[in-house]
Amino acid sequence: MQQSLFTDVILPLATPLPFTYLVPQQLQNKIAVGHRIVVPLGKRKLYTGIVHSLHTNQPQYPSKEIIDVLDHQPIVSPTQLKFWEWLSNYYMCTIGDVMNAALPASLKIESESNIMLNPSFTEDWNTLSDQEFLILEALEVQHQINMLDAAKILELQNPMRVIQKLLDKNAVFLAEELKTQLKPKTHTYLKLIKDFTEKELVGILDELQKSPKQQQILLAFLDLKSTQQTDQILEKEVLQLADAAKTSLKSLIKKNVLTQEDQLSAPLKTKPAKQIELSKSQELTLRNIHAGFAENKPVLLHGVTSSGKTEIYICLIQEALKRHNRALYLVPEISLTTQLTNRLQLHFGNQVVVYHSRLSHRERLAVYKRLLTENEPLILLGARSALLLPLENLGIIVIDEEHDSSFKQQDPAPRYNARDAALFLAKLNNCPILLGSATPSAESYYNGLVNKFKTVQLTERFGGVKMPVIDVVDVRKETLWKSMHGHFSPQLLGAIEETLKNNKKVILFQNRRGYTPVVQCTSCGHTQECVQCDISLTYHKFSNLLKCHYCGFSTKPSPKCPQCGNHELKEVGFGTEKLEEELQTLLPESKIARLDLDSTRKKNAFENIITKFEKGDVDILIGTQMVTKGLDFTDVLLVGIVSADSLLYYPDFRAQERAYQLMEQVAGRAGRRNEQGKVLIQSFKPDHHIIKQVLAHSYEEMIKQQLAERKIFHYPPHTKLIHIDFRHKEMPTLDAASEYFASSLRKQFGDMILGPEYPPSKRLKGYYHKSILLKLEKTKSASRVKTHLLQLQHHMNQHPPFKSVRCVFNVDPY
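These figures come from a predicted structure and were not determined experimentally.

## A few points about the overall build of the chain
The helix and strand inventory of the chain stands at 26 helices and 34 strands. A compact globule built from 814 residues would reach a C-alpha radius of gyration of about 28 Å, and the chain, at 29 Å, matches this within 12%. Projected onto its principal axes, the C-alpha positions of the chain cover 90 × 85 × 70 Å. Here the chain, with 814 residues, has 54% of them falling under the buried criterion. Looking at the chain as shown, the accessible area adds up to about 38100 Å², and 50% of this sits on carbon and sulfur atoms.

## Structural notes on the sheet that holds strand β28 (residues 636-641)
Spatially, the 6 strands line up as an open sheet ordered β19-β29-β28-β20-β27-β26, and their pairing is parallel. Each end of this open sheet is capped by a strand with a single partner; those strands are β19 (469-474) and β26 (592-595). Direction aside, neighbouring strands of the sheet carry axes that sit 20 degrees apart on average. Sheet strands in contact with helix α19 (residues 576-586) are β20 (505-509), β26 and β27 (620-623), and its direction is about 175 degrees off that of β26. Across the sheet, helix α22 (residues 655-667) touches β19, β20, β28 and β29 (678-683), and the angle it forms with β28 is around 155 degrees.

## Observations concerning the packing of aromatic side chains
Under the counting rule described, the total for this entry stands at 16 aromatic pairs. Judged by centre distance (5.9 Å) and plane angle (90 degrees), the ring pair of W86 and Y91 falls under edge-to-face. No difference in accessibility class separates W86 from Y91, as the two residues are buried. Between the aromatic rings of F613 and F633, the centroid separation amounts to 4.9 Å while the plane-to-plane angle is 85 degrees, which identifies the pairing as edge-to-face. Residue F613 is found in helix α20 (residues 605-615), and its partner F633 is found in the loop between β27 and β28; the two are separated by 20 residues along the sequence. According to the relative accessible area criterion, F613 is buried, its value standing at 0%. Each member of the aromatic cluster is reached from another via a ring pair, and the members are F83, W86, Y90, Y91 and F424. Cation over ring: K505 sits above F613, and NZ or CZ is 5.2 Å from the ring centre.

Calculation rules
Residues numbered from 1 in each chain as written. Predicted model: local features only at pLDDT ≥ 70, side-chain atom pairs only at ≥ 80, totals over all residues. Heavy atoms only, no water. Helix = DSSP H or I, 4+ residues; strand = E, 2+ residues; numbered from the N terminus. Rg over C-alpha atoms; globule rule 2.2 N^0.38 Å. Buried < 20%, exposed > 50% of the residue type's maximum accessible area, 1.4 Å probe, protein only. Areas by Shrake-Rupley, 256 points an atom, 1.4 Å probe, with all protein chains shown as cover. Pairing = 2+ DSSP bridges. Axes fitted to C-alpha atoms, helices over the stretch in contact; angles between N-to-C directions. Contact = heavy atoms within 4.5 Å. Phe/Tyr/Trp six-rings, centres within 6.5 Å; stacked < 30°, edge-to-face > 60°. Lys NZ or Arg CZ within 6 Å of the ring centre and 35° of its normal.

Below is the structure:
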């Protein structure tokens, strides 16, 4: 008698329990670890799960059978599964949380998933199977259906295989795609209808002399084709250069000269660029990096801004590709992928693959499948989520701007730090890893000191360009003398005017978006707060809305105080919108753009703003942290930090380190080519030691001071932190539960426990929050402590009053 086969299945659910199912005999030869399967859960639900393991151990409870195996080959590799397990164990979440984050939505169909007909599906329905035809026929009538509806229509227990085929054919799409407004945007490109000879092109241009606009379109196309080294050119670029209308283009297409093609992404240049020429200091740095790799250590590249770190990354990636390996290139912000994609494609063409959360579900699925099914060497460029993709045969990992806090995922789980997780991934794949920054994090710097990392210095800017001159403006004095122009000192305003006269560009940094963070009544002092959070609403003048930056609640502003009826309301503080308005009034002839979360919500909005700034259609770029990270512009000579004080006085032990990093990084955008740049910092405390360290570009002094202070008060990198957040809708229940938890912890950890305390904003999204911070000495076993914490959580939830209290663990929270 054949022995029964069972499988432990990962489901995209936040439950620690393993789900064990029986594998029916007819599927036993089709299933393997990493396969995607359909399983029942409860009475009516179906889920897509991943096979974690196969075994013959009979579970203690009756096991349901799996319904189907969806794919011919596993979609999760053994290395991926090991990485998922490490993430779930280290960051104290379930492996289902990791699965949810790692897989594109189209690979996680469930019984409650709704599908909709794709109106752009043009394939002949007669080529579809009968079952596929029935589903599309039903969608024409019902607009959208879920898996249970599909099961009734097809008279099948499991309709998911049919639905998956329709998804693969783009005949349908998940309604979730529509909700999140991530439907892929296509771009129209032009190309020659065939490879014309030079003689043929001359003849065509002669024939078009009677149609000058059509002739201009063709000349513009040929000009762009030559400069961009690609066979396909964006339609709008051709029309813009030719100053022609679409009607003229249509006439040219009818003459069989050009043809149109819609694509999801830009075409790639066909010829590889010439080899990068490194300076002597870059060559020495590259040799030192190789020496670190030879010691099997992660390498920290500490290179000043504009020192040419990217060229070194490209050389290392080229070496990996020559060995037929893949490369992973992580950046902290989605916005950074724009410039980097163009730069990498100049060297690697269509070997560059981009992945981040702003891609549509289909685009993400396409990237996932390419990585899974194709074995060619390539470069995966992306934000932190790219780390979770199937990355076999890795030859190198590059973490750019490794100090950046955006590498840390806060909500939802898994709350991982991509930089730290990449170190484990490199060890799993036995590949070298390089961390680069002009202002390394305290942890990475310390790891270099204790010889865990190999630190390599690159201390001069590329081409011998000098570091920017930094001056500070005492805003106290200027305010006292009443010489401020809104939020601009005479020094900053004068420097902006002088820069624009010299046909150079300006970047202004203000770390707050919106128009004003507080609208206050002058009579009673009332400020309007969010209905779900203990947060004052930020006024956004462009949309004329008061918005909560935590939960997204918004409302129209009232012309009078809702508390006392007073009509005199004052604005307290300022954001990027207000700066833009003030500067446009002060310099009406200047071309100003704003780069923040509000101005870049639409797909490709960031790229459009950056392109305009690069081309000179924008003189002054005002932005939040987006303008501080990794952007490379040739003719920016002035950077203004409008309010340095908002960075310095934040209730966080990392505030001063991060203030230095932000100011030094944004200063590095100035004077990156031939001329020395200038930076002006406005502050009410110009003698603050962090500002003095920025003025002197004294990173070493700053970081050593920070490390010494943290050692005294037991903060990282000398200890590890676990942040425990308790959430409930009732304050008394929350107080009792958090105190119960804290009193149990104090017995074991004593003074290394801080809290429980309410955060500055104690209610968010309708829930009250209270926190405990556990400082963990490095001599303690982190895995044992985590096990103890999970046991405590279980015991707490056993108490009936605390059953509904949610407990969230955040390992390495900052």
